[in-house]
Amino acid sequence: VYNFSAGPACLPEWVLKKASEEMLDAHGSGMSVMEMSHRSKAFEDILHTCKDRLRRLMSIPEDYEILFIQGGGSMQFIMTAINLLKHSADIINTGQWTKKAIAQQKKLGKVNVIASSQDDNFTYIPKITKEDLTPDSDYLYICENNTIYGTKYKELPVHDGKLLVADLSSCILSEPTDVSKYDLIFAGAQKNMGSAGVTVVIIKKALLQENDQIPDMLNYKTYADNDSMYNTPPTYTIYIVGLVLEWIEEQIGGLEEMEKITHKRAKMLYDYIDSSKLYSNPVNKEDRSYTNIPFVTGDPELDKKFVKEATEAGLVNLKGHRSVGGMRASLYNAMPIEGVEALIKFMRKFEEENIG
Ligand code: PLP
């Protein structure tokens, strides 16, 4: 099947094959990675190779630390505030994932929602000027790609010297990222980077702080000081992330090449939707996501029929998020161009059969 799930999502076939080949005997150890002690030399090599590859692929400067943390993106809604919120937090509300961050961070301090696109059902990215920033805020928090509504920042907002904290869960590794423009990036692995169970945090080393008030498991410094192994890390998930990074680096040829494929996939689908009489995408054109593409027919019954028939045709997980309805195609790194071609072919046939 072609799996259009928003996450956990499809993985490159190359990764799945390699993982199954190594299932019973990984790296000559005579065991599966699942069975390895996280303190073993074999696992340490897996962890360090994974980190080194990520640093190389994303050109992560040496003054940033790479951390592997459990608890998902949702834990980062809280950890970012626990570690960085002293006076107040500025947040731009662009949908479900910033709403959740706002709700969590409010439990820990003052939150200023300095802009929002809720007035138009989150179909655009609000523009801000430096006057919108709150004088005493510690950071500006954004969700760079909105998995549910299908919007993406094409340029970062002004933050006027304040820290920039960004959730890249659904766009990381789909294109090159200039890490030096951010102070903290986080991304759950289960969309574009691997399987569920680990979140990658890329944080400026200067932000790691001794603080007796913060429980050790919630302090980024604990993870930095202990090579992300203060407690048992999700070893198998880290191994899968390492394989995905190997695939991007050695099979695809790096993030510039990945970006060309990302743009090609998205353009194919948007061009078709824009030319169709049946389907539409509600998002402001310049804010459209490359990785999550919602579309509707305008008739909820027809949408249901679409999802059912698409599933029967082997195009699965196209149902839109429950808060938006309609359909959504998530086109992450592992989605082959043939998958997008198959989807468009099906959409065209469905349109011919169902347009009144
Ligand atoms: N941030 C974004 C952009 C997401 O799309 C999601 C989940 O889909 C999350 C955060 C929450 O991630 P998790 O379910 O790993 O907590």
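Residues numbered from 1 in each chain as written. Predicted model: local features only at pLDDT ≥ 70, side-chain atom pairs only at ≥ 80, totals over all residues.

## Re the overall build of the protein
Per the secondary structure count, the protein includes 9 helices and 13 strands. Its C-alpha atoms give the protein a radius of gyration of 21 Å, near enough to 21 Å, the size a compact globule of 356 residues would have. Each principal axis of the C-alpha atoms in the protein carries an extent, and together these give about 65 × 60 × 30 Å. Buried residues in the protein amount to 44% of all 356 residues. Sequence-distant contacts, at least 24 apart, represent 67% of the contacts inside the protein between residues at least 6 apart. (Helix = DSSP H or I, 4+ residues; strand = E, 2+ residues; numbered from the N terminus. Rg over C-alpha atoms; globule rule 2.2 N^0.38 Å. Buried ≥ 20, exposed ≤ 12 C-beta atoms within 10 Å, placed from the backbone. Contact = placed C-beta atoms within 7 Å.)

## Overview of the domain arrangement of the protein
According to the domain assignment, the protein contains domain 1 (2-8 + 254-354) and domain 2 (25-252). One C-alpha centre belongs to domain 1, the other to domain 2, and the line joining them spans 26 Å. Facing 28 residues of domain 1, the contacting portion of domain 2 comprises 28 residues. Every element with two or more residues in the side of domain 1 that touches domain 2 is listed here: α7 (255-275) and β11 (292-295). Considered class by class, the residues forming the side of domain 1 that touches domain 2 number 11 nonpolar, 10 polar and 7 charged. (Domains from an automatic or database assignment. Nonpolar A, V, L, I, M, F, W, Y, C, P; charged D, E, K, R; others polar.)

## Focus: the site of the ligand
Neighbouring residues of the ligand: G7, G72, G73, S74, W97, C143, T147, D167, S169, S170 and G188. The leading source of residues in the shell around the ligand is helix α3 (residues 72-84), at 3 residues. The residue makeup of the shell around the ligand, split by class, is 2 nonpolar, 8 polar and 1 charged. (Near = placed C-beta within 6 Å.)

## Section: the environment of Y2
Checked against the element boundaries, Y2 lands in strand β1 (residues 2-3). The exposure class assigned to Y2 is buried, which follows from the 21 C-beta atoms found within 10 Å. In sequence terms Y2 and F346 are 344 residues apart; their C-alpha atoms lie 12 Å from each other. Leave out the neighbours within four places in its chain, and Y2 touches G314, L315, G339, A342 and L343.

## Focus on the confidence of the model for the protein
Predicted confidence across the protein gives a mean pLDDT of 97, with 100% of residues reaching 70 or more. For this predicted complex, the interface confidence comes out at an ipTM of 0.99, alongside a pTM of 0.98. (pLDDT = per-residue confidence, 0-100.)

## What to know about the UniProt feature "modified residue: N6-(pyridoxal phosphate)lysine" (unreviewed entry) in the protein
Per the UniProt record, "modified residue: N6-(pyridoxal phosphate)lysine" (unreviewed entry) is annotated on K191. Residue classification places K191 among the buried residues on the basis of 30 C-beta atoms within 10 Å. If sequence neighbours within four positions are ignored, K191 has contacts with G7, A9, S169, S170 and Y332. (UniProt positions renumbered as here; feature names shortened; annotations may be inferred.)

## Some thoughts on the nonpolar core
Counting 86 residues, the largest nonpolar core has V200, V201, V241 and V244 as its most contacted members. By residue number, the principal contributor to this core is helix α6 (residues 235-252), which donates 9 residues. Counting the residues that make up this core, at least three belong to each of domain 1 (2-8 + 254-354) and domain 2 (25-252). Aside from chain neighbours lying at most four places away, what touches V241 is C50, A189, M193, G194 and V198. (Core = buried A, V, L, I, M, F, W, Y, C linked by C-beta atoms within 7 Å.)

## With respect to the environment of S88
Turning to its location among the elements, S88 is positioned in strand β3 (residues 88-93). Separated by 22 residues in sequence, S88 and K110 have C-alpha atoms that sit 4.7 Å apart. When residues no more than four places from it in sequence are discounted, the contact partners of S88 are G109, K110, V111, N112, T134, D136, S137 and D138.

## Section: helix α8 (residues 300-312)
Side chains of residues three or four places apart in an α-helix project in the same direction, reflecting 3.6 residues per turn. Here α8 is 13 residues long and its end C-alpha atoms lie 19 Å apart, about the 18 Å a rise of 1.5 Å per residue gives. Residues of α8 that are buried include every one of D303, F306 and A310, and no others. Along the axis of α8, the buried positions cluster into a sector of 55°, meaning they face one direction only. Every exposed residue of α8 that faces more than 90 degrees away from the buried side is listed here: E301, K308 and E312. Packing partners of the buried residues in α8 comprise β12 (315-316), β13 (327-330) and α9 (337-354). Once α8 finishes, G314 follows within two positions and takes phi at roughly 85°, a positive value. (Expected span 1.5 Å × (residues − 1). Arc of directions from axis to C-beta.)

## Here's the deal with the sheet that holds strand β10 (residues 199-204)
One open sheet holds the 7 strands; their spatial order is β2-β10-β9-β8-β5-β3-β4, and the pairing between them is mixed. The sheet is open, and its two borders are formed by β2 (64-69) and β4 (110-116), each paired with just one other strand. Pairwise comparison of adjacent strand axes, ignoring direction, gives a mean angle of 20° for this sheet. Note: strand β5 (residues 137-143) against strand β8 (residues 163-167), 5 bridges, orientation parallel. Within β8, the position partnered with L140 by the bridge is L164. Across the sheet, helix α4 (residues 96-106) is in contact with β3, β4, β5 and β8; its angle to β3 comes to roughly 160°. (Pairing = 2+ DSSP bridges. Axes fitted to C-alpha atoms, helices over the stretch in contact; angles between N-to-C directions.)

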